[in-house]
Amino acid sequence: MEAMLVDCVRNSLSHFVYKNAIFMCERLCAEFPSEVNLQLLATSYLQNNQAYNAYHLLKGTQMAQSRYLFALSCYQMDLLNEAESALCPLNEPGAEIPNGAAGHYLLGLIYKYTDRRKNAAQQFKQSLTLDPLLWAAYEELCILGAAEEPSAVFGEAAALSIQKQYMQQLPSSLGLNTYNDERNTTSISGRLFSDSGPRRSSRLSADSGANTNASVATVSGNGNNTSKHLGGSKLGSLGLRSVTLRKGNSWANENMDEGVRGESFDDSRPNTASTTGSMASSDAKSCDQEDEIMSQKITIGISEILSLLRTLGEGCRLSYMYKCQEALDTYMNLPHKHYNTGWVLSQVGKAYFELIDYLEAEKAFRQARQASPYSLEGMDIYSTVLYHLKEDMKLSYLAQELISTDRLAPQSWCAMGNCYSLQKDHETALKNFLRAVQLNPRFAYAHTLCGHEYATLEDFENGMKSYQNALRVDTRHYNAWYGLGMIYLRQEKLEFSEHHFRMAFLINPSSSVIMSYLGTALHALKRSEEALEIMEQAILADRKNPLPMYQKANILVCLERLDEALEVLEELKEYAPSESSVYALMGRIYKRRNMHDKAMLHFGLALDMKPPATDVAAIKAAMEKLHVPDEIDESP
C-alpha cells in the first residue's frame, strides 16, 4: 500500500496535479508516518507554492533532504537566517551541504542577499564544480562580477565531470536500448579533448548494477529533487525512472545464459562447447560495440553543450562587466537557432540599452517578444527603452500585454509605471513601481525606478531610501549609485555626489552618462581640469551622446576659454541640431564677447526650439539684459 501511495503522489506531481498529490500524500503520512514521507509531502507543498506548509512540516527534522527542503521553504519566505542554519547547522560545523550542487547554489543565494559577496561567490563556484551544467550559478557569478572565463568553467574538467556522471548512470538511467534508435544520427567526430585520458568503460557489470540499484533506492527515499526550482541539475532525477537490473548477473551474461537455456540439447551437433564460446564472444563484442557507440554519443553531446555554454557564458560575463559591444560580438557567434531565442535576444536588447542605442535595443526586444511572446525576461528594460524613445502607444500596449500575461510579475508593473511616468503622472507611476517592489522585494530595478519617481517629485529622502534598498539587493546595481549621486548633486552635497558617481563609474566604466555627471560634480568642486579629462573620456565613449560635449563647453566657458567652447558647440550642433540649450549657451558666449547681434540670433534660435518653461524664462531674461555687463548680470 505504501509503495502504491508513493507512486500515486509522484505521478500526480509529474502531471502537475498538485491538489491530488497533497491529498494522497497526507494519506501516505497518516498511514505510514516517516520523515521520508514527510519530505514527499513538503515537496508537494513547495511545488504548489505553499512554502509556509512545508516550513512548519519540516521544522526540527534532521535528515539531509529534509534540511534542504526546509531551507528552501525558509528562502521563499525570506527567513534567510533560518535557511542558512538548516544548510549549515551550528552544532555540526563540518556537515556536508545537503543536495550537492543545488544546496551550494541555495546557500550562495542566501549569502548574496545577506551581503556576503565573497562567500556567495565561493558557493556558486562549488556548485559549478559539482554540476558544470548548473548555468544559474554561473549567471549569479556574472551578476556578482566574480565569474571566471567560461573556458575555465566549461572546459576539460567540466567535460570529464559530466562524462563521469553519465557513465555511472548509464546502466540504470538510460535503459538498455536508449541509443539503439539513434544509430543513424550525425556522423560521430573525435573525442571532446584529445588529452582527456582513456574512456571510462561502460560495461554493464554486476557490481555497477548493484551500486546503481542502491543509489536508486537512496534517491527514491529522499523524495523528489526540488533543485529544479533553483535552476539545479536534473541528472539525479534520471534515477527515479531507472531500469533495475537483476542482481548477480550482468545484462550481457544474462542474455547469453538465457540463449543457451532456450536451446534443446542435441548430441548430434558438433563442437557444442566451441559454438557456445563463439556465441559468448559474439555477444561480448556486440556489448562492447554498443558501449562504444554510447560513449561516443555522450562525448559528442557533452562537447556540443559545453561549446554552447562557453559562448553564452562569455556573452553574459561581458554584459555584466558592461563591455557591451564585446558582448554583442560574442552573441553573434551563436548558431542562428540559439541567437533567435527569447533569452539571447533580451540580452542583446539590454546590451544595446546600456550603449544608449535605443533604436537597436527596441528592435532586439521586439524580436524577443516574437520569439517568446509570453516571456517576461528583460521586459522591464524594454519598457524603459520605449520610455526613452517616447513611444507612448507601444509602451501602453506592452504594459497591458504584460499585465494580462502575469499580474504578479514585477516586470509587468514596472512597464505600467513607465507608461504613467512618460505621461507625467508621477504619483500613479510611483504606485505601480511600489507594487512591483511589493511583489518581489529582491527586484533591484523596481527599487531604482521608485527612486527616480521620488526624485522627480523632489521627495529626496524616500528617493535615497529606494536607491539604498536597490543596493541592498544588488551592490553592483550602478543605476542606484547614479541615482544617489544625482540627489546629492541637486542638494549641492558635492563630495557625496562625487563619491556615488565614482562608485557607479567603477562598476560601469563605459557609461558616458555616468562620466558626464562625475565630471559635473568635479567641476562644481572647482576641480575643472579633472572634470575636463573625464569629459574627454565620456565623449570618446559615445560620440552620439551630446551631454559630455555640452558640459565640456560649459567648463571651458567658466575657464574663460571661450574660443574653445565655441568650437565644441559648433561640433555639437552637428550631433544635436535641435537642442535649445546649445544655442542658448552660444548666445551667452557671444554676449560675453560683446557680439550682441550674434547673441540675440542664438537666443532667438533657442526659443524657436520650444525649450522647457524654466529654460524659456532664463533665455528671455538673458535677452532683456543683453547690454548689461556680465560683472553685473549674474543670471545664467
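Definitions and limits used
- Residues numbered from 1 in each chain as written.
- Predicted model: local features only at pLDDT ≥ 70, side-chain atom pairs only at ≥ 80, totals over all residues.
- Heavy atoms only, no water.
- Phe/Tyr/Trp six-rings, centres within 6.5 Å; stacked < 30°, edge-to-face > 60°.
- Buried < 20%, exposed > 50% of the residue type's maximum accessible area, 1.4 Å probe, protein only.
- Helix = DSSP H or I, 4+ residues; strand = E, 2+ residues; numbered from the N terminus.
- Lys NZ or Arg CZ within 6 Å of the ring centre and 35° of its normal.
- UniProt positions renumbered as here; feature names shortened; annotations may be inferred.
- pLDDT = per-residue confidence, 0-100.
- Contact = heavy atoms within 4.5 Å.
- Axes fitted to C-alpha atoms, helices over the stretch in contact; angles between N-to-C directions.
- Parallel < 35°, antiparallel > 145°, perpendicular 65-115°, else oblique.
- Left-handed = near helix turned anticlockwise from the far one by under 90°.
- Nonpolar A, V, L, I, M, F, W, Y, C, P; charged D, E, K, R; others polar.
- Salt bridge = Lys/Arg side-chain N within 4 Å of Asp/Glu carboxyl O.
- Disulfide = S-S within 2.5 Å.
- Arc of directions from axis to C-beta.
- Expected span 1.5 Å × (residues − 1).
- Core = buried A, V, L, I, M, F, W, Y, C linked by side-chain atoms within 4.5 Å.

### Here's the deal with the packing of aromatic side chains
In the structure shown here, the tally under the stated rule is 14 aromatic pairs. Both rings, one in Phe 16 and one in Tyr 18, keep their centres 6.3 Å apart while their planes meet at 90 degrees; by these two values the pair is edge-to-face. The class for Tyr 18 is buried, based on a relative accessible area of 18%. An angle of 20 degrees between the planes, with centres 5.1 Å apart, marks the rings of Tyr 55 and Phe 70 as stacked. Placement of Tyr 55 in helix H4 (residues 51-58) and of Phe 70 in helix H5 (residues 64-76) is noted, with a sequence separation of 15 residues between them. With respect to burial, Tyr 55 and Phe 70 carry one shared label: buried. Through pairs of rings, three or more aromatic residues link up here, namely Trp 135, Tyr 138, Phe 154 and Trp 343. Sitting over the ring of Phe 23, Arg 27 keeps its end group 4.7 Å from the ring centre. Across the ring face of Tyr 113, the terminal group of Arg 442 is positioned such that the distance to the ring centre comes to 5.0 Å.

### Notes on the UniProt feature "repeat: TPR" (unreviewed entry) in the protein chain
UniProt's feature table lists "repeat: TPR" (unreviewed entry) at residues 101-134, 342-375, 410-443, 444-477, 478-511 and 580-613, given in the numbering used throughout. For residues 101-134, the helix share is 79%, the strand share is 0%, and the end-to-end C-alpha distance is 8 Å. For the annotated span residues 342-375, helix accounts for 79% and strand for 0% of the residues, and the straight-line distance between the end C-alpha atoms is 7 Å.

### Quick notes on the confidence of the model for the protein chain
Any segment with low pLDDT has predicted coordinates that should not be analysed in fine detail. Across the protein chain, the average pLDDT comes to 84, with 81% of residues at 70 or higher. Counting contacts from residues 173-185, a segment whose pLDDT is below 50, to residues more than four positions away or on other chains yields 21 contacts.

### Let's talk about the packing of helix H26 (residues 494-507) against helix H27 (residues 512-524)
Relative orientation of the contacting elements H26 and H27 amounts to 155 degrees, with a least axis distance of 9 Å. On the basis of their axis angle, the class for H26 and H27 is roughly antiparallel. Judged by the sense of rotation from one axis to the other, the crossing of H26 with H27 is left-handed. In this structure, H26 uses Leu 494, Ser 497, Glu 498, Phe 501, Arg 502, Ala 504 and Phe 505 to contact H27, whose residues at the interface are Ile 514, Met 515, Tyr 517, Leu 518, Ala 521, Leu 522 and Ala 524. Looking at the contact of H26 with H27 residue by residue, the classes come out as eleven nonpolar, one polar and two charged.

### Observations regarding the pattern of salt bridges
Here the structure, examined in full by the defined rule, presents 22 salt bridges. Notably, a salt bridge pairs Asp 78 with Arg 442, separated by 2.7 Å at the nearest N-O pair. Residue Asp 78 is located in the loop between H5 and helix H6 (80-87), and its partner Arg 442 is located in the loop between helix H22 (426-439) and helix H23 (444-456); the two are separated by 364 residues in the primary sequence. Note on Arg 442: relative accessible area 23%, which makes it partly exposed. When salt bridges that share partners are traced, they join Glu 498, Arg 502, Arg 527 and Glu 530 into one network.

### Points about the state of the cysteines
Summed over the entire model, instances satisfying the criterion amount to zero disulfides. Not engaged in a disulfide, the cysteine Cys 316 finds its nearest cysteine sulfur in Cys 142; these two sulfurs lie 3.8 Å apart.

### Some thoughts on the side chain of Asn 432
Structurally, Asn 432 is set in helix H22. Among all residues touching Asn 432, those that are not within four sequence positions of it are Trp 413, Met 416, Gly 417 and Tyr 420.

### Observations regarding helix H15 (residues 324-331)
Structurally, the α-helix is built with 3.6 residues per turn, so residues lying three or four positions apart point the same way. Residues Cys 324, Ala 327, Leu 328, Thr 330 and Tyr 331 constitute the buried set of H15. In an axial view of H15, the angular spread of the buried residues amounts to 160 degrees, which keeps them on one side of the axis.

### Some remarks on unusual backbone geometry
With a phi angle near 60 degrees, Tyr 322 is a residue other than glycine that sits in the positive phi range. On the secondary structure map, Tyr 322 appears in the loop between helix H14 (272-320) and H15. Even without being a glycine, Lys 390 presents a positive backbone phi close to 60 degrees. Structurally, the position occupied by Lys 390 is in the loop between helix H19 (379-388) and helix H20 (392-405). Residue Lys 390 is classed as exposed on the basis of its relative accessible area of 63%.

### Observations concerning the environment of Leu 556
Here Leu 556 lies in helix H29 (residues 546-558). For the pair Leu 556 and Ser 528, spaced 28 residues apart in sequence, the C-alpha separation works out to 8.8 Å. Setting aside residues no more than four positions away along its own chain, Leu 556 makes contact with Leu 532, Arg 561, Glu 564, Ala 565 and Val 568.

### Digging into H27
Under the 1.5 Å per step criterion, the end-to-end length of H27 is 18 Å for 13 residues, consistent within 8% with the ideal 18 Å. Counting buried positions over the 13 residues of H27 gives ten, a clear majority of the element. Restricting attention to buried positions, one finds in H27 the residues Ser 512, Ile 514, Met 515, Ser 516, Tyr 517, Leu 518, Gly 519, Thr 520, Ala 521 and Leu 522. In this fold, the buried residues of H27 make contact with helix H25 (478-490), H26, helix H28 (528-541) and H29. Of the residues one or two after H27, Lys 526 is the one with positive phi, at around 65 degrees.

### Some details on the environment of Gln 367
When you line up the elements, Gln 367 lands in helix H18 (residues 358-371). You can call Gln 367 partly exposed: its relative accessible area is 30%.

### Concerning the nonpolar core
Counting 112 residues, the largest nonpolar core has Leu 106, Phe 124, Tyr 138, Leu 306, Tyr 331 and Val 348 as the members making the most contacts within it. Here this core takes eight residues from helix H7 (residues 100-113), the largest share from any one element. Setting aside chain neighbours within four positions, we find Tyr 331 in contact with Leu 312, Gly 315, Cys 316, Ser 319, Tyr 339, Trp 343, Val 344, Gln 347 and Val 348. Ranked by size, the runner-up nonpolar core spans 58 residues in total, among them Tyr 482, Phe 505, Leu 569 and Ala 622.

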